[in-house]
Amino acid sequence: MTIATGIRLTDTEDTLRSSAPHTFVALLARDLRVLRQDAASFAVRIGLQPVILLFLFTYVLPKIGTGSALSANGSSATFSTILVPGLVASSVLMAGLMAVSQPLMIELSYTNEIEDRLLAPLPTWMFGLQKIVSGALQALIGGAIVFPIAIVLHAPGQAPLLQVESWPLLAIVVLFGSLFSASLGLLAGTVVDPRKTGVLLTVLVMPATLLGCVFYPWSALAPLRWLQILTLFNPLAYFSEGLRASLTSQVPHLPTGSFLTALIVGSAATAAFSVFAFTRKVIS
Amino acid sequence: MSAIRTVELSKTYSSPEGKVPAVEGLTLEVASGEFFGLLGPNGAGKSTTVGMLTTLVRPSAGRAEVAGIDVSHRPVQVRRNIGVASQADSLDRKLSVADNLEFRGRFLGMTRRVARRRAEALLETFSLVERRNARAHELSGGQVKRLIIARALMHRPQVLFLDEPTAGIDPQTRHNLWDALRALHADGQTILLTTHHMDEAEALCQRAAIIDNGRLLACDTVPTLLTLAGAKTIVTVTYDRSVPSDLEGLRGHPDVSRVDVNGSQVKAHTHDAESLLGDLITAGVNAGLRVRHVMTLRPSLESVFLTLTGREYRE
């Protein structure tokens, strides 16, 4: 190996259009390039769990005669109709959470990989915000993968009955649900010790996903009042109920005002706090 | 204009045991175009100092300017003007070699086209063209080092920060990299090198600062540093037979601080090797001796460094 010694670097054509928005977009482009390279594994990671759940709840259980108990939830809707919004919500939540937290935990502990992007010329809080936007984009892509699967996979004669009452409502729910999940991802990635990821998943993420009004509407919990109240502390519940209101309004759901407030205020507060925590962590 | 200027720069970390000073009252100035070494043992405060200069560590007190820009008040502007070539694990492992360069350029505001063209040129310069599609973990140690430096040079930074640029690579690669760094410097690049490899600092730097326990111990040109701490050149002359113990008043020689005579060999510590060597040869001839072998050992930065920083183990 020899290195050419006449290293000439001055290049008059290179007037840098360096501005924070340009850098922000370049950072997003980097994340999308990485996502594109891992497209197949991303799709499998996001899509497999809902496929198995759908297969179990809408095909296996009805076939062996257990399904009837599941759809006895106080409404006449098929179980698929109940399940589609819940599954999409939980998949989007997981996609956003993992998209931000997993690489961040590694970058903050085992490698110094994040340094190159930290040195990008934009305020560090904007880099945190970029991580949220990037995670939300990946959550949306995850939702776009899961949604068609959820519609197509069901037991014979058990097709979900979906009807969009209000597109703007659907857009707002999906947007803030995605931002919420990515903000939680930034928070988890910043504060959780990577050696304790397993604990995070089993103690917090798993119960929250299973009990986030995914398999039943919130109102169906009436006989378990304590659980119904506890569920109100779970962001996923508002997301599931919001999607239920947007896609299957015939199924009982939380009032629009309450889930919208929870999603918007919750995601804004989580985003602000997680960006603050992230900035504190990376600039010592 | 000075490329780097710090005034009473300090950093104190809070820990459960109380406040731990990492850097205390560091005042330094590096001129534009200079190749400057920041030397110190592990835990001396080098990384914290560079962290403050590269905006990733917030100073607790004092001031620092890089390329004339205050690091505390305008960190984003500082980032536009610096290139940082740090340790191997700072490469983006999810991106290819070429993409590591391209995205650095795009973060700095280049269009994709310009960034790719510049990346191509740097791949060429640093002999990485054939590895353009490889991932960072597939590269050899030397290739990693070259890529890190290439990435720091994607724009023409006013100040290039180099952290242990040749640690752990083979001598061939090391000397080639040194040539490349000298070429960069000859082209006007200001470079701040952090290292604890004294031979590297001696080979490359014009001036250097030695720090330990967060404080500046010495800062001067490398030749001047070499005269510090009583460091002397050792002149060894071997004659064809045993020499008389007082080879013509050698012990009283004004330039000699210490002399050892061992059989046919005379070993003298001096700060003026040239004149002493002449005297030793003349004295030998006058005593009927012939000179068989002559060796001069100049003081190294390493010996100065050890004298200044002590020899206890560091973390």
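Right above here is the structure, for reference.
The following refers to the structure shown. What you are looking at is a predicted structure, and each value in this text was computed from that prediction instead of being measured. (Residues numbered from 1 in each chain as written. Chains lettered and ligands numbered in written order. Predicted model: local features only at pLDDT ≥ 70, side-chain atom pairs only at ≥ 80, totals over all residues. Heavy atoms only, no water.)

**Topic: the interface of chain B and chain A**
- Each side of the interface is counted separately: chain B has 53 residues, and chain A has 45 residues.
- Roughly 4500 Å² of surface becomes buried between chain B and chain A when both sides are summed, with 53% attributable to carbon and sulfur atoms.
- Where chain B touches chain A, the interface holds 8 salt bridges.
- The partner of A:Glu107 in a salt bridge is B:Lys94, and the shortest N-O contact between them spans 3.7 Å.
- On inspection of chain B and its partner chain A, the count reaches 18 residue pairs in polar contact (both at pLDDT 80 or more).
- For the side of chain B that touches chain A, the secondary structure elements donating two or more residues are strand S1 (2-15), helix H2 (75-80), strand S6 (82-85), helix H3 (97-107), helix H4 (112-125), helix H5 (141-152) and helix H6 (171-186) of chain B.
- Per-class residue counts for the side of chain B that touches chain A are 20 nonpolar, 11 polar and 22 charged. (Contact = heavy atoms within 4.5 Å. Buried area = accessible area lost by both parts, 1.4 Å probe. Salt bridge = Lys/Arg side-chain N within 4 Å of Asp/Glu carboxyl O. Polar contact = N/O pair within 3.5 Å; in protein donor to acceptor, adjacent residues only side chain to side chain. Helix = DSSP H or I, 4+ residues; strand = E, 2+ residues; numbered from the N terminus. Nonpolar A, V, L, I, M, F, W, Y, C, P; charged D, E, K, R; others polar.)

**Examining empty space enclosed by the protein**
- Under the definition given, this model contains 2 cavities of 30 Å³ or more.
- Forming the walls of the largest cavity are A:Glu115, A:Asp116, A:Leu119, B:Gly83, B:Val84, B:Arg104, B:Arg151 and B:Ala152.
- Looking at the lining of the largest cavity, the elements that each hand over two or more residues are helix H5 (115-118) of chain A together with S6 and H5 of chain B.
- Split by residue class, the lining of the largest cavity holds 3 nonpolar, 1 polar and 4 charged. (1 Å grid on protein atoms, 1.4 Å probe; cavity = no way out; pocket = protein on both sides within 12 Å on 5 of 7 lines; lining within 4 Å. Points joined across faces, edges and corners; volume = space filled by probe spheres on them.)

**Things to note about the pairing of strand S4 (residues 61-66) of chain B**
Residues and elements named next belong to chain B.
- As judged from the 5 bridges shared by S1 and S4, these two strands associate in the antiparallel manner. Along S4, the bridge assignment pairs Arg5 with Glu65.
- Bridge analysis of S4 against strand S5 (residues 69-70) gives 2 bridges, and the strand direction is antiparallel. Along S5, the bridge assignment pairs Val66 with Ile69.
- From the end of S4 to the start of S5, which pair antiparallel, there are 2 residues, and Ala67 there has a positive phi angle of about 55°. (Pairing = 2+ DSSP bridges.)

**Structural notes on the packing of helix H7 (residues 167-191) of chain A against helix H11 (residues 256-282) of chain A**
All names here are of chain A.
- Taken N-terminus to C-terminus, the directions of H7 and H11 make an angle of 30°; their axes are 8 Å apart at the nearest point. When the axes of H7 and H11 are compared, the pair comes out roughly parallel. The crossing of H7 and H11 is left-handed.
- Here the residues of the contact of H7 with H11 sort into 19 nonpolar, 8 polar and 1 charged. (Axes fitted to C-alpha atoms, helices over the stretch in contact; angles between N-to-C directions. Parallel < 35°, antiparallel > 145°, perpendicular 65-115°, else oblique. Left-handed = near helix turned anticlockwise from the far one by under 90°.)

**Section: the sheet that holds strand S14 (residues 291-297) of chain B**
Residue and element names in this part refer to chain B.
- Pairing within the open sheet is antiparallel, and its 4 strands lie in the order S12-S13-S11-S14. The open sheet has two edge strands with one neighbour each: strand S12 (256-262) and S14. Averaged over neighbouring strand pairs, the angle between their axes works out to 15° when direction is ignored.
- Bridge count for strand S11 (residues 233-239) against S14 is 6 bridges, and the pairing is antiparallel. Directly across from Ile234, in S14, lies its bridge partner Leu297.
- Here helix H9 (residues 273-286) sits on the sheet and contacts S11, S12, strand S13 (265-270) and S14; the angle it forms with S11, its principal contact strand, is near 20°.

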